[in-house]
Amino acid sequence: MEKMENGKERRIACREFYMDHDGIPLHAKLEFPAGFSLEEKNPGRCPLVIVQHGFTGHMEEDHILAVSRTLNQTGFATLRTELYGHGKSGGTFTEHTLFKWLSEMLTVIDYAGRLDFVSELFLCGHSQGGLTVMLAGAMKRDQLRAIIPLSPAAMIPEDARHGSMLGHPFDPAHVPDVLEMDGNCRLGGNYLRVARMIWVEPAIDAFTKEVLIIHGDRDETVPIRCAQEAAARYKDAELVVIPGADHCYNGHLEEVTQALAAYMRRFVK
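This one's a predicted model, so the numbers in the text were calculated from it and none came from an experiment.

Draft legend 1. Geometry of the sheet that holds strand 5 (residues 46–52). Taken together, the eight strands give an open sheet; going across it, the order is 3-4-6-5-7-8-13-14, and neighbouring strands pair in mixed fashion. Edge positions in the sheet fall to strand 3 (14–21) and strand 14 (236–242), since each of these pairs with one other strand and no more. Taking each pair of neighbouring strands and ignoring which way they run, the sheet shows an average axis angle of 20°. Sitting on the sheet, helix 3 (residues 128–139) touches strand 5, strand 7 (118–126) and strand 8 (146–150), and the angle it makes with strand 7 is about 135°. Lying over the sheet, helix 7 (residues 224–233) contacts strand 13 (210–216) and strand 14, oriented at roughly 160° with respect to strand 13.

This is the structure in structure tokens:
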């Protein structure tokens, strides 16, 4: 729902569905700016942002919802998706890898690119979703206008090469079949093996279009240096640091959405 000036609310149209990726169902929600409807005879066109959650996350988290709703209110359609082993999508968490996520993200981008109403396409992702956006953005740079990594976990590949995954050590010379993490979370060894084979820097160099990075300076999950180093390396990047914000911006979502809306208004015609 969106608040109008008269205090009333109007519903933002939403379609919930599954798309197929090699037999794996991917849960998705497509939402539109207020007043935009595909049911009209001439619905017009608008830009769309794919909004991606992070490691252990899902599309209904507070920060993902806040980002998606802000984009709707700014004039963008949004496509929230849940990738392999997360939320209501197929697959199990233990068996997910960055290769699987990247392959699925390409499927999501292809789906969005075939939608008749889409005028321009953007990628936005949080944490591991931000890393996925950075990698997929380079692969699909010809189809994208800009990317928005939020607290991007760009350190995952390098940490994995040195035997660490989000603070949990392992022997990189003898990768375990399963890595036990916090909260009964079990990560498969193939995740670690795949992560070690990924290099972020070539992906950054390949994407020469506009980039917005948002990161909290109290993030204890992903060091702020990940955002700073990426912003310095990208050809055309803006970095917004949210003072006092943690990894999911608890208590600071308003600053995040204000920065996002201010940046994205330039793309709305």
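Moving on, there is more to tell.
Draft legend 2. View of the packing of aromatic side chains. One pass over the full model with this rule turns up nine aromatic pairs. Pairing Phe-55 with Tyr-191 gives two aromatic rings, centres 6.1 Å apart and planes at 65°, and the pair type is edge-to-face. One end of the pair, Phe-55, is in the loop between strand 5 and helix 1 (62–74); the other, Tyr-191, is in helix 5 (residues 189–196), with 136 residues separating them in the sequence. Each member of the pair, Phe-55 as well as Tyr-191, is classed as buried. The cationic tip of Arg-161 hangs over the ring face of Trp-199; the distance from NZ or CZ to the ring centre is 3.5 Å. Here the basic side chain of Arg-266 rests over the ring of Tyr-263, its NZ or CZ set 3.9 Å away from the ring centre.

Cut-offs and rules
Residues numbered from 1 in each chain as written. Predicted model: local features only at pLDDT ≥ 70, side-chain atom pairs only at ≥ 80, totals over all residues. Heavy atoms only, no water. Pairing = 2+ DSSP bridges. Helix = DSSP H or I, 4+ residues; strand = E, 2+ residues; numbered from the N terminus. Axes fitted to C-alpha atoms, helices over the stretch in contact; angles between N-to-C directions. Contact = heavy atoms within 4.5 Å. Phe/Tyr/Trp six-rings, centres within 6.5 Å; stacked < 30°, edge-to-face > 60°. Buried < 20%, exposed > 50% of the residue type's maximum accessible area, 1.4 Å probe, protein only. Lys NZ or Arg CZ within 6 Å of the ring centre and 35° of its normal.

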